[in-house]
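Notes for the structure review
Given next are the chains, with one letter for each unit.
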Amino acid sequence: MTNRQSGIRLAKRLDEVGFSDIVQVRNKVAELRAEGQQVHPMHMGEPYFETPDQIKYAAIKALAENQTHYAPSSGLLPLRQALAAKLAARNGIEASADEVLVTVGGMQGLYAAFQCVLDPGDDAMVFSPFWTPISDLVTGAQARPLLVPTITARRNGIRKTLEQFSTPKTRAIYYNTPQNPSGVVFTRAEAEEVAAFAIQRDLVVIADEAYEDLVYEGAHFSIASLPGMAERTITTYTFSKTHAMTGWRAGYAVAQEPFMTALRKIVLYSTNGVSTPVQYAMIEALKTPQAEIARRREEYRQRRDLLVAGLNEAGLECAPPAGAFYAFPNVEKVHKVSRTAAQILLEKAHIATIPGSVFGAQGEGHLRFGYAVSFREIEDCVAALRRLFA
Ligand SMILES: Cc1ncc(COP(=O)(O)O)c(C=O)c1O
């Protein structure tokens, strides 16, 4: 209990920052499993495979060789050089090693980006539905998220829609592609529209490319590679999804000055960098052949197709998502309110999902099903849906 009159109270900037709703689903799943029930775990956002052995051995080798001391807080130079080479080759982003910052997962890059761009009272445009923590990162910077419905924007024109939803206080656009939870992959033409708007209105773009390697239709395109955009874009990446390294907390950001100095300060004064052996593991992960990344993508594509077919067969209308590893079907057939629909699926079919409303008002009427699980788990989930609607 906090007493606003006493010194024992929280800083006001946390007043509107929420704690993950997804945790509540996880707790309920744990409860059911403790009772010995089988649960179909479609609520998760973890790769289906384990961290590859050569990456684990690189960390073990670093430990054995006593790479256990402070590294530069912004990251080891050979790692930042390898990241700059990857950004040039894969993303079309020309950056020096000094324009790359190693971060504790994608989350720290995003936290640092919002902190160093937004002032209290600013607005940040966020395509919605969006990955839930984003609105908390914006409110944590004492700014306000302006939700821009992605479907409307794609139908009526991205630039026109951004104009409609922007305010005089708009300072930044959060641009996530491929998107969590919808799987939307913005095209190059759409990136050009966002860029034109950002340049016209002198805005900063915070680009989140966590799922860059998981695109099944179309191609991933990095907005910072467009003319005039590198200087106004902070792009964040993670090793979590591509390399199955969620627990290692490994990510990076790329930006020019004045942002890079600000981002570095935030990393320095929060974590003072990423664990040194983890950085050696990151160097190894970057050596993964593109053919291996493509092979995994095919594995995800097969999982997607299996799940999407099962959802449609059950009458939960779902177009195949172009990227990431989530399906986001319309579930109004189960219940119009997505929280209730999630509860019904969990209680009656033991299928754990995330209610769409958690991802913003535009997610209502939908549930997020993660398909980064085994084929068997997807088949079991589809069979449970079939039984539910039989
Ligand atoms: C859209 C999006 N961005 C960023 C992240 C950050 O991931 P991490 O902090 O594990 O690197 C996630 C993780 O789920 C995500 O879904």
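Values in this document were obtained by computation on a predicted structure and should not be read as measured data. (Residues numbered from 1 in each chain as written. Predicted model: local features only at pLDDT ≥ 70, side-chain atom pairs only at ≥ 80, totals over all residues. Heavy atoms only, no water.)

1. Things to note about the pairing of strand β6 (residues 204-208)
Heads up, the condition is: Relative accessibility under 20% of the residue-type maximum defines a buried residue, over 50% an exposed one, and the middle range a partly exposed one, all with a 1.4 Å probe and only protein chains included. Think of it this way: any DSSP run of H or I at least four residues long counts as a helix, any run of E at least two long counts as a strand, and we number them from the N terminus. Following DSSP output, two strands are said to pair if at least two bridges run between them. Look down the strands so they point away from you; if the path from the first strand over the helix to the second goes clockwise, the crossover is right-handed.
With respect to burial, β6 is a largely interior element, five of its five residues being buried. Of the two faces of β6, the one holding Val204, Ile206 and Asp208 and the one holding Val205 and Ala207 are both buried throughout. Taken together, the five bridges between strand β5 (residues 170-176) and β6 define a ladder with parallel strand orientation. Counterpart to Asn176 in the pairing with β6 is Asp208. Once you follow β5 into helix α8 (residues 188-201) and on to β6, the crossover reads as right-handed.

2. So, the side chain of Thr235
Which entries qualify depends on this criterion: The contact criterion used is simple: two residues touch if any of their non-hydrogen atoms lie within 4.5 Å.
Assignment of secondary structure puts Thr235 in strand β7 (residues 233-238). Those residues in contact with Thr235, other than ones at most four positions away along the chain, are Ile93, Ala207, Glu209, Ala224, Tyr252, Ala253 and Val254.

3. Some remarks on the site of the ligand
Just so we agree on the cut-off: Here, proximity means that at least one heavy atom of the residue falls within 4 Å of the molecule or strand. The definition of a polar contact used here is a pair of N or O atoms within 3.5 Å, where within protein one atom must be able to donate a hydrogen and the other to accept one, and adjacent residues in sequence count solely through side-chain atom pairs. Method remark: on a 1 Å grid restricted to protein atoms, a set of points is classed as a cavity if a 1.4 Å probe fits but cannot get out and as a pocket if it is open with protein on both sides within 12 Å along at least five of seven lines; lining residues have an atom within 4 Å of a point. Just a note on the criterion: a molecule sits in a pocket or cavity if more than half of its atoms are within 2 Å of the grid points. The residue classification treats Ala, Val, Leu, Ile, Met, Phe, Trp, Tyr, Cys and Pro as nonpolar and Asp, Glu, Lys and Arg as charged. All others, Gly included, are polar.
Taken together, 14 residues lie near the ligand, and Gly106, Asn180, Asp208, Thr238 and Arg249 sit nearest. Taking Asp208, its side chain carries an N or O atom lying 2.6 Å from a nitrogen atom of the ligand. One of the side-chain N or O atoms of Arg249 is found 2.7 Å from an oxygen atom in the ligand. Among the cavities detected, the one that contains the ligand is the largest pocket. Top element by residues in the shell around the ligand is helix α4 (residues 105-117). It accounts for four residues. Looking at the shell around the ligand residue by residue, the classes come out as five nonpolar, six polar and three charged.

4. Concerning the layout of surface pockets
For clarity, the threshold we go by: Grid points are joined across faces, edges and corners, and a volume is the space filled by probe spheres set on the points.
Its boundaries defined by the atoms lining it, the largest pocket holds a volume of some 1,100 Å³. For the largest pocket, the lining is made up of 42 residues, of which Arg26, Met107, Trp131, Pro133 and Arg249 are closest to its centre. Of the residues contributing to the lining of the largest pocket, the split by class is 18 nonpolar, 15 polar and nine charged. In this structure, the second largest pocket occupies an estimated 420 Å³ of space. Contributing to the lining of the second largest pocket are 18 residues, with Ile151, Ser182, Val184, Ala319 and Phe328 lying nearest its centre.

5. Here's the deal with the pattern of salt bridges
The test is simple: When a carboxyl oxygen of Asp or Glu is within 4 Å of a side-chain nitrogen of Lys or Arg, the pair counts as a salt bridge.
Summed over the entire model, instances satisfying the criterion amount to 25 salt bridges. Among the salt bridges present, the one from Glu163 reaches Arg159, with a minimum N-O distance of 3.9 Å. Residue Glu163 and its partner Arg159 are located together in helix α7 (residues 158-165), separated by four residues, close to a single helical turn. Owing to a relative accessible area of 39%, Glu163 belongs among the partly exposed residues under this scheme. The partly exposed category is assigned to Arg159, whose relative accessible area is 31%.

6. Some points on the nonpolar core
Within soluble globular proteins, side chains that are nonpolar generally end up buried alongside one another. Here is the rule we go by: Remark: nonpolar core denotes a set of buried residues (Ala, Val, Leu, Ile, Met, Phe, Trp, Tyr, Cys) joined through side-chain atoms within 4.5 Å.
With 35 residues, the main nonpolar core has Met42, Tyr300, Leu307, Leu311, Phe325, Ile351 and Phe369 as its most contacted residues. Going through the elements one at a time, α11 (290-313), β9 (326-327), α12 (338-349), β12 (367-370) and α13 (375-389) are the ones with two or more residues in this core. Here the element with the most residues in this core is α13; it accounts for five residues. Once residues within four sequence positions are removed from consideration, Phe369 is found in contact with Met42, Leu307, Leu311, Phe325, Tyr326, Ala327, Pro329, Leu345, Ile351, Thr353 and Cys381.

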